[in-house]
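Architecture and fold: a report
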Amino acid sequence: MSLKIIKAGVLDTIQDLGRYGFQYLGINPGGAMDRFAAQVVNMLVGNASCEAVVELHFPSSIFLFEQETMIAVGGADFSATINGEDIPLWQPVIIAKNSILQFEKWKKGARCYLAIREKLAIQKWLGSYCTNIKATTGGFNGRAFQKNDEISLKERNEYKCFLKDKDFVILPWQADIGWKETPIDRIAVVPGNEWELLTKESRKKIFRDFFVIGSLADRMGYRLQGTLIAKQNCELVSSIVSFGTIQLLPNGELIVLMADHQTAGGYPRIAYVASAHLPLLAQKQPGDKIRFRFTNQEHAEELLFLQQQHLLQLQDACKFRLEEFYNTVHGGH
Amino acid sequence: MENSASYKIHFINDSAVAIDFGNVIDREINAKVITLFNYLTQHPIEGMIEAIPAYSSVAIYFDIPLLRKKISSHKKVYEWIQNKLNQLMLTEFAGLQTIPDLIRIPVCYDNDFAIDLPWIAEQKSLTGEEIIHLHSSRQYHVYMLGFLPGFSYMGEVDQRIVVPRKPEPQSILAGSVGIAGKQTGIYPLNSPGGWQIIGRTPLKMFDQNKAEPCLLKAGDSVEFYSITKDEFENYQSGSA
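Residues numbered from 1 in each chain as written. Chains lettered and ligands numbered in written order. Predicted model: local features only at pLDDT ≥ 70, side-chain atom pairs only at ≥ 80, totals over all residues.

1. Digging into the environment of Ser136(B)
Residue and element names in this part refer to chain B. Just so we agree on the cut-off: For helices the rule is a DSSP run of H or I covering at least 4 residues; for strands it is a run of E covering at least 2, with both sets numbered from the N terminus onward. With C-beta atoms placed from the backbone, a residue is labelled by how many other C-beta atoms lie within 10 Å of its own: buried for 20 or more, exposed for 12 or fewer, partly exposed between the two. Contacts are defined on C-beta atoms placed from the backbone: any two residues whose C-beta positions lie within 7 Å are in contact.
Relative to the elements of secondary structure, Ser 136 occurs in helix H6 (residues 128–136). We classify Ser 136 as partly exposed; it has 18 C-beta atoms within 10 Å. Measuring from C-alpha to C-alpha, the distance between Ser 136 and Lys 210 comes to 28 Å, with 74 residues separating the pair along the chain. Excluding residues that lie within four positions of it along the chain, Ser 136 makes contacts with Val 107, Phe 224, Tyr 225 and Ser 226.

2. Remarks on the interface of chain B and chain A
What counts here: Polarity classes work like this: nonpolar for Ala, Val, Leu, Ile, Met, Phe, Trp, Tyr, Cys and Pro, charged for Asp, Glu, Lys and Arg, and polar for all others, with Gly in that last group.
Taken together, the contact pairs 44 residues of chain B with 33 residues of chain A. Within the residue set of the side of chain B that touches chain A, elements represented by two or more residues are strand S1 (8–13), strand S2 (16–20), strand S3 (48–53), strand S4 (57–62), helix H3 (64–70), helix H4 (77–88) and strand S6 (139–145) of chain B. Residues belonging to the side of chain B that touches chain A are distributed by class as follows: 30 nonpolar, nine polar and five charged.

3. Description of unusual backbone geometry
A cis amide bond links Phe58(A) with the next residue in sequence, Pro59(A), at an omega value of -5°. Omega for the peptide link from Gly155(B) to Glu156(B) comes to -15°, which places this bond in the cis form. When you line up the elements, Glu156(B) lands in the loop between strand S7 (152–155) and strand S8 (170–172). Positive phi values are uncommon outside glycine, yet Lys119(A) reaches one of about 65°. When you line up the elements, Lys119(A) lands in the loop between strand S10 (108–116) and strand S11 (150–152). Even without a glycine there, the phi angle at Thr136(A) is positive, about 40°.

4. Notes on the domain arrangement of chain B
Residue and element names in this part refer to chain B. Convention followed: For the purposes of this description, domain bounds are those given by an automatic or database domain assignment.
Here chain B is described as being made up of domain 1 (2–96) and domain 2 (102–237). Contacts between domain 1 and domain 2 engage eight residues on the former and six residues on the latter. Looking at which element gives the most residues to the side of domain 1 that touches domain 2, the answer is helix H2 (residues 27–42), with four residues. Each residue belonging to the side of domain 1 that touches domain 2 can be placed in one class, and the counts come to six nonpolar, one polar and one charged.

5. Digging into the pairing of strand S15 (residues 221–225) of chain A
All names here are of chain A. The test is simple: Any two strands with at least two DSSP-identified bridges between them are counted as paired.
Pairing between strand S14 (residues 211–217) and S15: three bridges, direction antiparallel. The residue bridging Ile 213 from the neighbouring strand is Leu 224, located in S15. Across four bridges, the pairing between S15 and strand S18 (residues 254–257) is antiparallel. Bridging from a neighbouring strand, Leu 224 pairs with Leu 254 of S18.

6. A look at the domain arrangement of chain A
Residue and element names in this part refer to chain A. According to the domain assignment, chain A contains domain 1 (2–177) and domain 2 (183–295). Using C-alpha coordinates to define each centre, domain 1 is positioned 29 Å away from domain 2. Counting from both sides, the interface comprises 16 residues of domain 1 and, opposite them, 12 residues of domain 2. Only helix H1 (35–44), strand S5 (69–77) and S10 provide two or more residues apiece to the side of domain 1 that touches domain 2. Taken together, the residues that form the side of domain 1 that touches domain 2 break down as six nonpolar, seven polar and three charged.

7. Side note on the sheet that holds S1(B)
Residue and element names in this part refer to chain B. Note the cut-off: Axis definition: a line fitted to C-alpha atoms, limited for helices to the stretch in contact. Angles are taken between N-to-C directions and run from 0 to 180 degrees.
The antiparallel open sheet is built from four strands, whose spatial order is S1-S2-S4-S3. Unpaired on one side and paired on the other, S1 and S3 mark the two borders of the sheet. Across the sheet, the mean angle from the axis of one strand to that of its neighbour is 20°, orientation sign disregarded. In this structure, S3 lies alongside S4, joined through five bridges in antiparallel fashion. Residue Ile 52 lies in a different strand from S4, and its bridge partner there is Ala 59.

Given below as structure tokens:
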């Protein structure tokens, strides 16, 4: 019994919260671009937040579930359907055997996450499930899903008493992702070690102007349209960079390094994105406009802490709701 | 203290810090980096996720939510980290340097693999044999790994074979040995790359199936020795 790929999407891979501990070997952490969404969908189905999820880009794969499962989708809105009928984002859904999950129309965002309570039966590589496409390892065969791939599920659960004869049942609670929907169009960034290399005008411009995500925007990094100027050309020896590092390229363009960034780089690190705002950035795609706002280390840390608190509360709430749900149904027999 | 004047602490993001010894490629500074990295690996700081050595800096990733729970609430984690690292830098690392492992790497400098050797020969008015001899007759130091899993930045090559990177990256096959500036390195995977290619090793620089997936690590010493194309092919089919 497994999850079958009936039709492959453009880039659907298995991800988790990243592979840490091996950057000294040049092995980058990778992991989900929108780690907030990846954690929330896992929590919704009662999984640990570090469990493997599927990261989907649009057009996405079409999935056949050969067994009864509980799933949740969240992140970008690609109009998910089960057997042609809409299912909501951020809600657990129990689906019957041989149901088809499909993503019919792009509505919003760049990356959608699928969590499965029965869990994908794949091996960890160096402590993580995430796919390293460049090294063709991790995840499912180290690559994106292809047509006819079959991935076994680890567990089997009996959902007959919930489903009765229906194709699917949407459980009646939804994760509160409020903080993400607030009008923080402005992505908080902290000046980096080479900030002073920018001219005074460029330093103003970065917080004043819009930047447009360029056509070169993928899991490795986003090129931004709109140039900044350096005071002087600067040769830097390679040093460590991270998810969210903003580098100034020799042509004056900015690049924000994303989940599949290299471990080291030699361009000036003029700033970095507050990690709590990386999920916002992860849902942007070519053509989207973004604005930055200035913050400092202290506030970036506070944002991260608040997000963490929010996730912990969600986790407790999800656990409570699932337990309550099971008890009510079983109690009614 | 000699240490205190010679480093700077700055944040790479809200969860990672660099201890930076200056923007240079220098054996002594890199030796400091590697000693500090080895020390941190053996004596991890509270809340540390990993440490990563670069040419002249060591980056350290921290578990911020964990540290936030552990330290008193009125104190910011980043301040705690800064203090902790300043304390750490008072440690006397001088005696902790280890003898580097020496790894000998076979390279086939045959024209079929050494796609940029003729160009270098022309630029530098050297014969192919002279370039091969210069490249394979000294010991290199592995400064750091980066760019790709297992990609090693080694130096320095003989002044006579220092060549610039290519203006545009080309696709390069795994095992290719290249030169860029004073550096030499080996591509562990098929990848786009801009280094000038002078040969290929039959060794697997990166093997995902091994517990230690990369053949080299920062701090190693490396020697190249020339092999024929026959030896290269036998190496691939035969020995491990």
